[in-house]
Amino acid sequence: MAINLNTIVSFIVIVHLVMSAQMHPIHLDSPAPQPHPPQSQPPHHNSSQYGTTEGSLQPQECGPRCGDRCSNTQYKKPCLFFCNKCCAKCLCVPSGTYGNKQVCPCYNNWKTKLGGPKCP
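Reading the values: rules and limits
Residues numbered from 1 in each chain as written. Predicted model: local features only at pLDDT ≥ 70, side-chain atom pairs only at ≥ 80, totals over all residues. Heavy atoms only, no water. Axes fitted to C-alpha atoms, helices over the stretch in contact; angles between N-to-C directions. Helix = DSSP H or I, 4+ residues; strand = E, 2+ residues; numbered from the N terminus. Parallel < 35°, antiparallel > 145°, perpendicular 65-115°, else oblique. Left-handed = near helix turned anticlockwise from the far one by under 90°. Contact = heavy atoms within 4.5 Å. Nonpolar A, V, L, I, M, F, W, Y, C, P; charged D, E, K, R; others polar. Disulfide = S-S within 2.5 Å. Buried < 20%, exposed > 50% of the residue type's maximum accessible area, 1.4 Å probe, protein only.

> Run through the packing of helix α2 (residues 62–69) against helix α3 (residues 76–90), naming residues and quoting values.
Between α2 and α3, whose axes approach to 9 Å, the crossing angle comes to 135°. Here α3 runs oblique to α2, going by the angle between their axes. Both α2 and α3 take part in a crossing whose hand is right-handed. Contacts from C62, G63, C66, G67 and R69 of α2 reach α3 at L80, C83, N84, C87 and A88. Classifying every residue of the contact of α2 with α3 by side-chain character gives six nonpolar, three polar and one charged.

Structure follows, in structure tokens:
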């Protein structure tokens, strides 16, 4: 009785896969979503200065603030990139779409290698 070599190899591979699946079961269920605790606002939430003074933002608030800051530019992608980078470092974004950088010295004073403003 001659047994084909391919049949033997296939049998060994199948046995190996079955044993591996028993030792390391694959769970295709997605984990249940976990509730997130409510995020508290910083204690110094002053509506007129909030987000415009250095350190007054939380990192997750940078995206919406930079979206507002870069809303009028035709160079939206680089504006958003550098604004988010500056906000992550300084935790503030000046109000408006242009200027007002004096309220956030970190944002205002961060310069490029050539001495130009880094933050939009």
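> Break down the state of the cysteines for me, with residues and values.
With the rule as written, the count across this model stands at six disulfides. Here C62 pairs with C87 through a disulfide, and the sulfurs are 2.0 Å apart. The S-S bond linking C62 to C87 shows a torsion near -75°; that makes this disulfide left-handed. You can see C62 sitting in helix α2 and its partner C87 sitting in helix α3, a full 25 residues away along the chain. Note on accessibility: C62 and C87 belong to one class, buried.

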